Amino acid sequence: MDAPAVNAHLKSLAARLAVPAQLAVAALVLGLAALCLHRLATSLDIHAVLRTARAIPGWRLAAAFALTAGSYLLLTAYDVMALRTIGRPLPYRTAALASFTSYTLSHNLGFGILTGAAARLRIYGAKGLGTGEVARVTAIAGVTFWTGVFASASLALLVHRRPLAVAGHVVSMGAQHAAGACLLALLVGATLMARRWHLPGPAAIARMTLVALADIAAACGTLYVLLPHLAIALYPPLLLAYVLAIVVALVSHVPGGLGVFEATVVALCPQIPPGELLAALLVYRIVYYLLPLALALVLLVRHEHARWRRPAALAARAAETMIVGLAPRVIALLVFFGGAILLLSGTTPALPERMAAIRGVVPLPFVEASQIAASLVGTTLLLLAPALYRRLDAAFLLTRALLLAGACFSLAKGLDYEEALTLLAVAGVLQLARKGFWRRTALTTDVMSVNWIMAMVATIALMIVIGYFTQTFPAYRSSLWWKFAWSGDASRYMRTSFAVAVLTGAFVLLAFLRPSRHAVQPGDAPVDVAQALTHAVRSEAMLALTGDKLFLAGPDSRSMLMYQVQGHSWIVMGDPVGDPSDWPELLWRLRERADANQGRVLLYQVTPAVLPIAIDMGLQLMKYGEEARVPLAEFGLDGPAARPLRHAMRRAEREGAEFAIVPAARTGAIMGELRAVSDAWLHAKGQREKAFSVGRFEADYIARCDIAVVRCEGRIVAFANLWKTAGREELSVDLMRHCAEVPYGCMDFLFTRLMLWGRQEGYQWFNLGLAPLSGIEARRLAPTWARAAGMLFRHGEAFYGFEGLRNYKEKFCPVWEPRFIACNGGMATGRALLDLQSLIADGKGSAARQQARLRLRDAERLQLA
C-alpha cells in the first residue's frame, strides 16, 4: 500500500475513533468526578458547609465581586484584540457586550463554540460582520483563553516550592518544574509557529497571553479570597488546581462543569479543608457564574430592544423569545440541579432547631413520608431533565408539578426553606419558558384513554400497598426507603414490592413521555390536487391520485407536497409538485410538524433540486439510485443501438400483438379484463399489491388513467396505466402487468410503441423509472452504506435484479439522473427506512387509505364548487 493510501486510511480510522474516544474519556472523567462527589457527600455535613458559606465576611464578598468584574473586564479585551487582528475593529461597547454575553453563556451552558459563537453572531452580525468573520473572532478569542490556561499552569508548576499532592500521590518539585518548563517551551514554540497556522504573530500572541494570564489570575483570585485563610502559599497550588479543573470540566462535557469542576478542585487541594473549600466553591459558582449570567440575559434583552427600536412590549417579546430559545439546555440543567439538591438533602439529617419548630405542627408520619417523597421527586427530576431538553410537553407538566410538590415536601420534612425557594425559582423560570415545550406526548393527548386510566390505577394501588406495609412493620417506619430496600433485614416480599413499584413507575413515566398516537394531525384544509397537478412537470406527481397519501398545499394550490406518516417517520414521496419557489416553505412546514410530534423526516427519491433545501434542514444525504429518462425527440428505431427493439417489435407483431391506447373515459368497459390480467400477474409473481411509491390496482385509481394495452386475438394480454403531465413535459407508466402467455418481447413491444406514441403526441421525456442502487461508487474510502449498496447492486441478484433492471432499461438509451434519500442521520435513518419498507409493503392499512381517498374526493368537490 502506498504512502498516500496509508495516510488516508489512518485519517479515516482516526475520524471513526474520534467520537467513541471522546465519549469514553468524558465518561471516565464524569465517573471519577461522581466518585469524588459521592465521597464528599458522605464525609461532609451539607448544613455545616452552608453555615460556612453564610459566615463569609462581607469584605471578602466585596473583594470577590471586584475580582469577578476585573476578570470579565479582561475577557472583553479578547474580543477587542481579535477584532483588530481580523481588521474589523468595532467600538469597545459593542465588543464588550459580545464578549461578556458569550462568555457568561459558555461558562454556564458549556459547548462554548456553539453558545459563545451564537451570542457573538447575534451582536456582531447587527454591526455588519459576516459569519466567517465572527467565526475567526471566536477562534482567536478561544486560542487566547487556552493559551492563558496553559501559561498559568506552567507558571504555577514553576513557582510552586513544595511537593504537590494529587489524589493521594505526591509529585516531587523536580517533576513539577520539569513539567512546567516543558509546557512553557511548547507554548513558546507554538507562538513562534503561529504565522504558519494563520494566527496572529508572536508579538500579538504575547500581548494576548499576558491579558489571559491576568484574567485567569483574577478568576482564581475570586475563589481565593472566599477561603477563610488567606495564606499566600495556598495560591500557587490553588491556581494549578483551578486551571486543571477547567480542562477536566471541558473534557466531561457537563454544562458549566457543574460538580466536575468542584470535585476536581477539592481533589487537587488536599491541604485546604474540604468543607471550607466546598463552601467557597458554592459561593464562587454564584458570584462568578450565575449572577453574571443573569446580567448577561438582561443586557441581551436590552440589546434586542435597542436593535428593533420598538416599544417596550417588543422588549418583553424579545425576552420571551430568548428564554424559549435557551429553555431546553438551561432549564434541563436547572431541573437537574434541583433534583440533585433534593437527593443530597435526603442523605443528610435535618437541623434539630428546625425539626423542633415543626414538631407540634406537622405529624411525624407526614414528616417521614415527606422525606421519602422528596427523594423520589429528586430522582424523577433527574430522569425528566433529558426530556425537557427534547422539549416534550409532558416533561414540562410533570416537572412543574414535581417542583411545586418538592418545595412543599422540603418544608414538611425539615423546614428547608432554602431548597423550597430554589425549587420555586426553577418552577418560575420553567413557567416563563412554557412555549418552548411544543412536542406533544401521550400525557397531553391521550388523557382518559384506557392506558392512561390503567397507569393511574396501577400507580395508586402500588402506593397504597407500599404505604400499608411501611406502616405495618414498625422496624421500617423511621428508615429511609433505600435503606430497607437494600438491607438484608427487609423481607423478600417488601423487596419484591419495592422493585415492582420502581419498574411500574418507570414504565408509567416512559408511557407518558412517548409520542402521542393522536398528536399527529397531518391533514390541512382540503387540497385542490387536480389544480396542483396542472403545474406538475414530472410524471411521478400522479402518485397523488393513488389515495394513500396526505398533502401540504402551497399558496393558491400552485404547489403541494405528498407524504405519509408511518410509525414516527414522516416520509415525503419525491419532489414537491409545482412552483419550485414554494418548495422550501412546504418542506420546512413538514419538518416543523414532524418535530412537534417527535417524528423524523425522510425525503424519498428526491432530485438534486431538493438537496440544498435538505442540507439547510440538517438532513443527511444518501444516493438511492438513478432514474432512466428517454428524450423522446431523439428516440427512434433507426441505427444499430435499436436493433433489439426492432427485433422485439417484428416478432411480437408476427405473433399477433396489437397496441392501443384506451382513454380514461372508456376504462370502465375493460376493467374486468384488466383485473383478470392483474390478478394473474400477482399470482404468477407470488406478490401482493404495494403502496405509496407505486399505485395499486383499485378501480377508483385505474379509472383516472389512460391505459396502454396489448391485445392478442382481441384479448388483453398486457397493460400499463399512463402518467401524463398537463404540459406534456413527461410521460410514464405505473402498473405494468401481463398474462403468463404473451408474445415474445411483449413488454419491449409495449414500451417501444408507447414511446413512439408519446413522441407523436408531443411529450418531451419518457420516464422508465428508477434503478435502485445504480451509480453508487463502492470505493474503499466511501461510506459504509455506499460500499454495502455497491456490493448488493453487483451481487444481490438473489434478492432483487438490481443490475439486470438497469441493463434492461439501458437498451432504450436513456439519460440517467441521480435520486437521493435525505433523513435525520444516525439510527434515525435505519428506523425511517424500516418504516418506509413497511409503508410500501402494506401502505397505511385500509382505514387510512379510505381516509386519504375521502380527502381526495373532498378536494375534487371543492374544485367543482
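This structure is a prediction, so every number in the text was calculated from the model and none was measured. (Residues numbered from 1 in each chain as written. Predicted model: local features only at pLDDT ≥ 70, side-chain atom pairs only at ≥ 80, totals over all residues. Heavy atoms only, no water.)

## Considerations on the overall build of the protein
Let me state the cut-off plainly: Where helices and strands are cited, they refer to DSSP runs of H or I of at least four residues and of E of at least two residues respectively, numbered from the N terminus. In this scheme, a residue with accessible area under 20% of its type's maximum is buried, one over 50% is exposed, and one in between is partly exposed, where area comes from a 1.4 Å probe on protein chains only. Contact definition: two residues touch when any of their heavy atoms are within 4.5 Å. Residue burial considers only the protein chains on display, and all accessible areas are found by Shrake-Rupley using a 1.4 Å probe.
Looking only at helices and strands, one finds 31 helices and 14 strands in the protein. Residues classed as buried in the protein amount to 48% of the 865 residues present. Long-range contacts, defined here as pairs at least 24 residues apart, represent 72% of the contacts in the protein between residues at least 6 apart. In the form shown here, the protein has an accessible surface area of approximately 41,500 Å², with 65% of it arising from carbon and sulfur atoms.

## A closer look at the confidence of the model for the protein
As a reminder of what qualifies: pLDDT is a residue-level measure of predictor confidence that goes from 0 to 100.
Looking at the protein as a whole, its pLDDT mean stands at 76, while 72% of the residues score no less than 70. Segment residues 480-496: pLDDT under 50, and 25 contacts once partners within four positions in sequence are set aside and those in other chains are kept. When the criterion is pLDDT under 50, residues 844-851 qualifies, and its contacts beyond four places in sequence or with other chains add up to 11 contacts.

## Focus: the packing of aromatic side chains
For clarity, the threshold we go by: Only centres within 6.5 Å qualify two rings of Phe, Tyr or Trp (six-membered ring in Trp) as a pair; their planes then separate them into stacked at under 30 degrees, edge-to-face at over 60, and tilted for everything else.
Across all of its chains, the model carries 19 aromatic pairs by this definition. Ring centres 5.4 Å apart and planes at 85° place the aromatic pair Tyr224 and Tyr235 in the edge-to-face group. Separated by 11 residues along the polypeptide, Tyr224 in helix α8 (residues 202-225) and Tyr235 in helix α9 (residues 235-252) bring together distant segments of the chain. Here the aromatic rings of Phe751 and Phe766 are separated by 6.1 Å at their centres, their planes lie at 80°, and the arrangement is edge-to-face. With Phe751 in helix α27 (residues 746-761) and Phe766 in strand β13 (residues 765-772), this pair connects stretches of sequence that are 15 residues apart. Like Phe766, Phe751 is buried.

## A few points about the packing of helix α3 (residues 58-85) against α8
Condition: Throughout, an axis means a line fitted to C-alpha atoms (over the contacting stretch in the case of helices), and angles, computed between N-to-C directions, take values from 0 to 180 degrees. By the definition adopted for this analysis, an angle is roughly parallel if under 35 degrees, roughly antiparallel if over 145, roughly perpendicular if from 65 to 115, and oblique otherwise. For a crossing to be left-handed, the near helix must be turned anticlockwise from the far one by less than a right angle; the clockwise case is right-handed. Residues are grouped as follows: Ala, Val, Leu, Ile, Met, Phe, Trp, Tyr, Cys and Pro are nonpolar; Asp, Glu, Lys and Arg are charged; every other residue, Gly included, is polar.
Two elements in contact, α3 and α8, have axes separated by 8 Å at closest approach and are oriented at 160°. Relative to α8, α3 is oriented roughly antiparallel. With respect to the hand of their crossing, α3 and α8 are arranged in left-handed fashion. Across from Arg60, Ala63, Ala64, Leu67, Thr68, Ser71, Leu74, Leu75, Ala77, Tyr78, Met81 and Thr85 in α3, the residues of α8 making contact are Arg207, Met208, Val211, Ala212, Ala214, Asp215, Ala218, Ala219, Gly221, Thr222 and Val225. Among the residues forming the contact of α3 with α8, the class breakdown is 15 nonpolar, five polar and three charged.

## Things to note about the pattern of salt bridges
Operational definition: The rule for a salt bridge is simple: a side-chain nitrogen of Lys or Arg has to be within 4 Å of a carboxyl oxygen of Asp or Glu.
In the structure shown here, the tally under the stated rule is 23 salt bridges. The salt bridge partner of Asp579 is Arg558, with a shortest N-O separation of 3.7 Å. Of this pair, Asp579 sits in the loop between β6 (577-578) and α22 (583-596) while Arg558 sits in the loop between β3 (550-553) and β4 (559-566), and the two are 21 residues apart along the sequence. Look at Arg558 and you get partly exposed, because its relative accessible area is 30%. Glu817 is the partner of Arg629 in a salt bridge, and the nearest nitrogen-oxygen pair spans 3.2 Å.

## Overview of the side chain of Ser539
Short version of the rule: Polar contact criterion, stated in full: a pair of N or O atoms within 3.5 Å, where within protein one must be able to donate a hydrogen and the other to accept it, and residues adjacent in sequence count only if both atoms are side-chain atoms.
One can find Ser539 in the loop between α21 (529-533) and β3. For Ser539, a relative accessible area of 1% puts it in the buried group. Side chain to side chain, Ser539 and Glu730 meet in a polar contact 2.8 Å long. Ignoring any residue separated from it by four or fewer positions in sequence, one finds Ser539 in contact with Trp723, Thr725, Glu730, Ser732 and Asn767.

## Concerning the environment of Leu227
In this fold, Leu227 is placed in the loop between α8 and α9. Judged by its relative accessible area of 1%, Leu227 is buried. In this structure the C-alpha to C-alpha distance between Leu227 and Pro273, which are 46 residues apart in sequence, comes to 9.9 Å. Contact partners of Leu227, with chain neighbours within four places excluded, come to Arg60, Leu238, Ile272, Glu276, Leu277 and Ala280.

## Digging into helix α25 (residues 671-685)
What counts here: For a helix, the expected span equals 1.5 Å multiplied by the number of residues minus one. It is the directions from the helix axis to the C-beta atoms whose arc is reported.
A rise of 1.5 Å per residue sets the reference length of α25, with its 15 residues, at 21 Å; its end C-alpha atoms lie 21 Å apart and thus fit the reference within 8%. Every buried residue of α25 is accounted for by Met671, Leu674, Val677, Ser678, Trp681 and Leu682. One side of α25 carries all its buried residues, which in axial view fall inside an arc of 130°. Residues of α25 that are exposed and point over 90 degrees away from its buried face: Gly672, His683 and Ala684. The elements touched by buried residues of α25 are α26 (699-702), β10 (707-712), β11 (715-724) and β12 (730-738). Count one or two residues on from α25 and you reach Gly686, which has phi positive near 65°.

## Regarding the environment of Ala594
By secondary structure assignment, the location of Ala594 is in helix α22. On the basis of relative accessibility, which here comes to 0%, the residue Ala594 falls in the buried class. Taking C-alpha positions, Ala594 is 9.1 Å from Val565, a pair spaced 29 residues apart along the chain. When neighbours within four sequence positions are excluded, Ala594 is seen to be in contact with Trp570, Gly599 and Val601.

## Here we look at a nonpolar patch on the surface
To keep things clear, this is the line we draw: Here the term patch refers to residues with relative accessible area over 30% and no salt bridge, with like charges joined within 9 Å and nonpolar side chains (Val, Leu, Ile, Met, Phe, Trp, Tyr) within 5 Å.
On the surface, a cluster of nonpolar side chains totalling about 520 Å² of accessible area is made up of Leu404, Leu411, Leu415, Tyr417, Leu421 and Leu424. Of all elements in the fold, only α15 (393-414) and α16 (417-432) reach the threshold of two or more residues within the nonpolar patch. Top element by residues in the nonpolar patch is α16. It accounts for three residues. Along the polypeptide, Leu404 turns up in helix α15.

## Some points on the packing of helix α24 (residues 643-654) against α27
One can describe the packing of α24 onto α27 by two numbers: an axis separation of 9 Å at closest approach and a directional angle of 110°. Judged on the interaxial angle alone, α27 and α24 are roughly perpendicular. Contacts between α24 and α27 pair Leu645, Ala648, Met649, Ala652 and Glu653 from the former with Asp748, Phe749, Thr752 and Arg753 from the latter. In terms of residue class, the contact of α24 with α27 is made up of five nonpolar, one polar and three charged.

## A short note on the pairing of strand β8 (residues 620-631)
The condition is simple: Paired strands, as defined in this entry, are two strands with at least two bridges between them according to DSSP.
Inspection of the sheet shows β8 paired to strand β14 (residues 815-823) by nine bridges, in the antiparallel sense. If you follow Leu621 over to β14, its bridge partner there is Ala822.

## Re the pairing of β10
Of all six residues in β10, five are buried; the element is thus mostly enclosed. One ladder, built from six bridges, connects strand β9 (residues 657-662) with β10; its direction is antiparallel. Bridge assignment links Ala657 to a residue of β10, and that residue is Cys712. Where β10 and β11 come together, six bridges link them in antiparallel fashion. Bridge pairing in β11 places Ile707 opposite Asn721. Hairpin remark: β10 followed by β11, antiparallel, with two residues in the connecting loop; positive phi at Glu713, about 55°.

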